[in-house]
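For reference, the chains in residue letters:
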Amino acid sequence: MMKGKGLLAVFVCILILSGCGGIKSIIGDRVADPSSPSTTEVPDNLQEESKPMSQPKLGKSETKSISRSNSNKKNAKSIPTFDLMTEENIRDYLVGEWTFDKEYVSDVVCKMDIDEDLNVHLSFHDLYIDEAKGNYLGKIELDRMYINPDDEPFLLCIELLDGDEPGGDFFFLHRTTYDGKIVMSWFFAGNGNCIFDILGSDDFQYTPEEIMFEKVSGEMSQLEPYIDTEFYGVFWGKGINGNSLWIDDVHWTGEAYDIVIDYPRRMALYENDVPESILYSIAPDRISDILGDDLFPGEVYVVQTDKDGNIIELISPEYNEYLEGGFDENSWDDNYDVDDETIELILDIVEDDVKEIQEHLNMGMSIMIDGETVLLDGENCHYVILGTDHDEHFVKEIFYAVNILTREVYYYDVLTDLWELI
């Protein structure tokens, strides 16, 4: 069970199911989302001889590229530039031992060994029950999604030696380098099943939207932290002292609800000019607030630093826009429109799987589904809000969240400020 806190959003164009099961469209109140992100840590030894530099603050909807100068850090190899536009360079990049180990996404760990001929060995192990989930040998072929040979990114196509198991086609991106490790993300590019369905639960196997692999490289960024500024940054991990965070500044494109036709949605969430993460200390008086909630590697946050380059604020971009008054309620009809298939699936889950929700509906309460999501256990879950439907407005009373992939349903406990898995 993960904890979410303080993520606020504005909801318009809301779909409601009345107690008798009918769906109707209404305009809802602005909702204070019961969930929001937080932050983590920074090792002092890596900050030696590093002089931060100041940058201009971001405006409401801006994404700025921030230039940085180099500093000399002890015992750190400079980070090479990965040019993944040629097949030879991609092969060199892929070779080595990669590990997927993100407990907020899956209890299953995957070790992936790739040799120079792109032979691959995949080993899965469930840490929760301490049980092996399978070992597979195969071959990776490089391909493109489109006819134009200049198109990129490349596709990685896995063919397993065991003909009974599917391999799968995957887009991939080099994400960043942090704490002496390279991060590479894979995105399932096909339909049906693939080998990484093993990362899902036994009851409902599925492939995560983004599979983040890490490989030990020994390289550390020579770049300096930013001082007295605000920027979009991706959190990748905590420093060894528990009070620092590895952050990589990016251009945030937004939690787009428009369908990205060419590539999976998470590939388009942000762009990165310099894929290197810097270790930021957290200001001493802000440690408890920033580290009070869960942080999710690979997610974008708005980062604010003081004159010494310490993190003093770390919040979700959506909540930041809300605080700055950047939401236009007239634009939410398009941004948070929910397709009928998703609505039907959500209703099927809450009506068939959750007895207490059905009891509330039988007592005359209505359901609001507005398309907004909250990140729980590393997955986007749709809000399902129970309340009373008045002519003038909808009174929101009980918050649930539904994972349509796993059919898991969460209840928001107002007293403890926690999401609880039902």
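Residues numbered from 1 in each chain as written. Predicted model: local features only at pLDDT ≥ 70, side-chain atom pairs only at ≥ 80, totals over all residues. Heavy atoms only, no water.

Trainee: Sorry if this is basic, but what is going on with a negative patch on the surface here?
Mentor: A grouping of Asp 339, Asp 340, Glu 341, Glu 344, Glu 351 and Asp 352 is seen on the molecular surface, where their side chains present a negatively charged patch. One can find Asp 352 in helix α5 (residues 340–353). (Patch = residues over 30% accessible without salt bridge, like charges linked within 9 Å, V, L, I, M, F, W, Y side chains within 5 Å. Areas by Shrake-Rupley, 256 points an atom, 1.4 Å probe, with all protein chains shown as cover. Salt bridge = Lys/Arg side-chain N within 4 Å of Asp/Glu carboxyl O. Lys, Arg positive; Asp, Glu negative; His and termini not counted. Charge placed at Lys NZ, Arg CZ, Asp CG, Glu CD. Helix = DSSP H or I, 4+ residues; strand = E, 2+ residues; numbered from the N terminus.)

Trainee: Explain the pairing of strand β7 (residues 108–114) to me, please; I cannot follow it from the model alone.
Mentor: Along any regular strand, the residues point their side chains to alternate faces of the sheet. Extensive coverage of β7 is indicated by the burial of 5 of its 7 residues. Where strand β6 (residues 96–100) and β7 come together, 5 bridges link them in antiparallel fashion. Bridge assignment links Trp 98 to a residue of β7, and that residue is Met 112. The pairing of β7 with strand β8 (residues 119–126) spans 7 bridges and is classified as antiparallel. (Buried < 20%, exposed > 50% of the residue type's maximum accessible area, 1.4 Å probe, protein only. Pairing = 2+ DSSP bridges.)

Trainee: For this particular structure, what's the right way to read the sheet that holds strand β16 (residues 244–249)?
Mentor: By way of backbone hydrogen bonds, the strands of a sheet pair with one another, either parallel or antiparallel. Spatial ordering of the open sheet is given by β19-β16-β15-β20-β21, a layout of 5 strands whose pairing is antiparallel. What marks the edges here is a single partner per strand, and that holds for β19 (278–281) and β21 (311–315). Averaged over neighbouring strand pairs, the angle between their axes works out to 50° when direction is ignored. Taken together, the 5 bridges between strand β15 (residues 230–238) and β16 define a ladder with antiparallel strand orientation. Along β16, the bridge assignment pairs Gly 233 with Asp 249. (Axes fitted to C-alpha atoms, helices over the stretch in contact; angles between N-to-C directions.)

Trainee: How should I be thinking about the pairing of β19 in this particular structure?
Mentor: Taking every second residue as pointing to the same face, both faces of β19 are buried, with Ile 278 and Tyr 280 on one and Leu 279 and Ser 281 on the other. Here β16 runs beside β19; their pairing, made up of 4 bridges, is antiparallel. From the neighbouring strand, Trp 246 faces β19, where its bridge partner is Leu 279.

Trainee: Sorry, what's going on with α5 here?
Mentor: Across its 14 residues, α5 extends 20 Å between first and last C-alpha, which sits within 8% of the 20 Å expected from 1.5 Å per residue. Those residues of α5 that fall on the buried side of the exposure criterion are Thr 342, Ile 343, Ile 346, Leu 347, Ile 349 and Val 350. All buried residues of α5 lie within an arc of 160° about the axis, which places them on one face of the element. With respect to the buried face of α5, the exposed residues turned more than 90 degrees away are Asp 340, Glu 341 and Asp 352. (Expected span 1.5 Å × (residues − 1). Arc of directions from axis to C-beta.)

Trainee: Honestly, the nonpolar core in this entry has me stumped. Any pointers?
Mentor: Here is a general trend for soluble globular proteins: nonpolar side chains tend to be buried in one another's company. Counting 69 residues, the largest nonpolar core has Leu 122, Phe 124, Trp 186, Phe 196 and Phe 213 as the members making the most contacts within it. With 5 residues, the top contributor of residues to this core is β15. In contact with Phe 124, other than residues within four places in its own chain, are Val 108, Val 109, Cys 110, Ala 132, Lys 133, Gly 134, Tyr 136, Ile 195, Phe 196, Ile 198 and Leu 199. Judged by nonpolar contacts, the second largest core, of 17 residues, contains Leu 361, Ile 367, Ile 369 and Ile 398. (Core = buried A, V, L, I, M, F, W, Y, C linked by side-chain atoms within 4.5 Å. Contact = heavy atoms within 4.5 Å.)

Trainee: I tried to follow the packing of aromatic side chains on my own but got confused; where do I start?
Mentor: For any pair of aromatic rings, the description consists of the separation of the ring centres together with the inter-plane angle of the planes. Applying the stated criterion across every chain, the model contains 22 aromatic pairs. On the numbers, 5.4 Å between centres and 65° between planes, the contact of Trp 186 with Phe 213 is edge-to-face. In this pair, Trp 186 sits in strand β12 (residues 181–188) while Phe 213 sits in strand β13 (residues 211–216), placing the two residues 27 residues apart along the sequence. Residue Trp 186 shares its accessibility class with Phe 213, and that shared class is buried. Measuring from centroid to centroid gives 5.9 Å for Phe 196 and Phe 213, while their planes differ by 65°, and the two rings are edge-to-face. Of this pair, Phe 196 sits in the loop between β12 and β13 while Phe 213 sits in strand β13, and the two are 17 residues apart along the sequence. A relative accessible area of 0% places Phe 196 in the buried class. (Phe/Tyr/Trp six-rings, centres within 6.5 Å; stacked < 30°, edge-to-face > 60°.)

Trainee: What am I meant to see in empty space enclosed by the protein here?
Mentor: Sizing a probe to match a water molecule and rolling it over the atoms shows the empty space that remains. On inspection of all chains with the given rule, the structure shows 2 cavities of 30 Å³ or more. Around the second largest cavity, the lining is made up of 14 residues, and of these Glu 209, Glu 210, Arg 266, Glu 299 and Gly 378 lie nearest the centre. Across the lining of the second largest cavity, the residue classes break down as 6 nonpolar, 2 polar and 6 charged. (1 Å grid on protein atoms, 1.4 Å probe; cavity = no way out; pocket = protein on both sides within 12 Å on 5 of 7 lines; lining within 4 Å. Points joined across faces, edges and corners; volume = space filled by probe spheres on them. Nonpolar A, V, L, I, M, F, W, Y, C, P; charged D, E, K, R; others polar.)

Trainee: Mind showing me how you'd approach the pattern of salt bridges here?
Mentor: One side chain can pair with another of opposite charge once the charged atoms of both are near each other. Throughout the structure, instances matching the rule amount to 10 salt bridges. Across the pair Arg 266 and Glu 210 runs a salt bridge, and its minimum N-O distance is 2.6 Å. Taken together, the residues Arg 266 in the loop between β17 (251–252) and β18 (270–271) and Glu 210 in the loop between β12 and β13 connect sequence positions 56 residues apart. Judged on exposure class, the residue Arg 266 and its partner Glu 210 are both buried. Residues Glu 299 and Arg 266 are paired through a salt bridge, measuring 3.1 Å at the closest nitrogen-oxygen approach.

Trainee: Honestly, the environment of Thr 86 in this entry has me stumped. Any pointers?
Mentor: You can see Thr 86 is positioned in the loop between β5 (53–54) and α1 (87–94). Between the alpha carbons of Thr 86 and Phe 154 there is a distance of 9.4 Å; along the sequence they are 68 residues apart. Polar contacts involving the side chain of Thr 86 include one to the side chain of Asn 89, which spans 3.2 Å. (Polar contact = N/O pair within 3.5 Å; in protein donor to acceptor, adjacent residues only side chain to side chain.)

Trainee: How should the environment of Glu 230 be read in this particular structure?
Mentor: Mapped onto the elements, Glu 230 comes out in strand β15. Each C-alpha atom, one on Glu 230 and one on Asp 306, is 9.3 Å from the other, the two residues being 76 residues apart in sequence.

Trainee: Explain the confidence of the model for the protein chain here, please?
Mentor: Where the model shows low pLDDT, its predicted coordinates should not be examined in detail. Looking at the protein chain, pLDDT values average 76 and 72% of them are 70 or higher. Of all the helices and strands in the protein chain, strand β3 (residues 23–26) carries the lowest mean pLDDT, 24, while β6 carries the highest, 98. Contacts of residues 326–336 to residues separated by more than four positions or lying in other chains number 21 contacts, the stretch itself having pLDDT below 50. (pLDDT = per-residue confidence, 0-100.)

Trainee: Is there a simple way to explain unusual backbone geometry in this structure?
Mentor: Outside of glycine, negative phi angles account for most residues, and trans bonds account for most peptide bonds. Backbone geometry at Leu 118 places phi at a positive 65°, although glycine is not the residue there. Within the fold, Leu 118 resides in the loop between β7 and β8. You will see that Asp 179, though not glycine, has its phi angle at about 50°, which is positive. Tracing the chain through its elements places Asp 179 in the loop between β11 (168–178) and β12.

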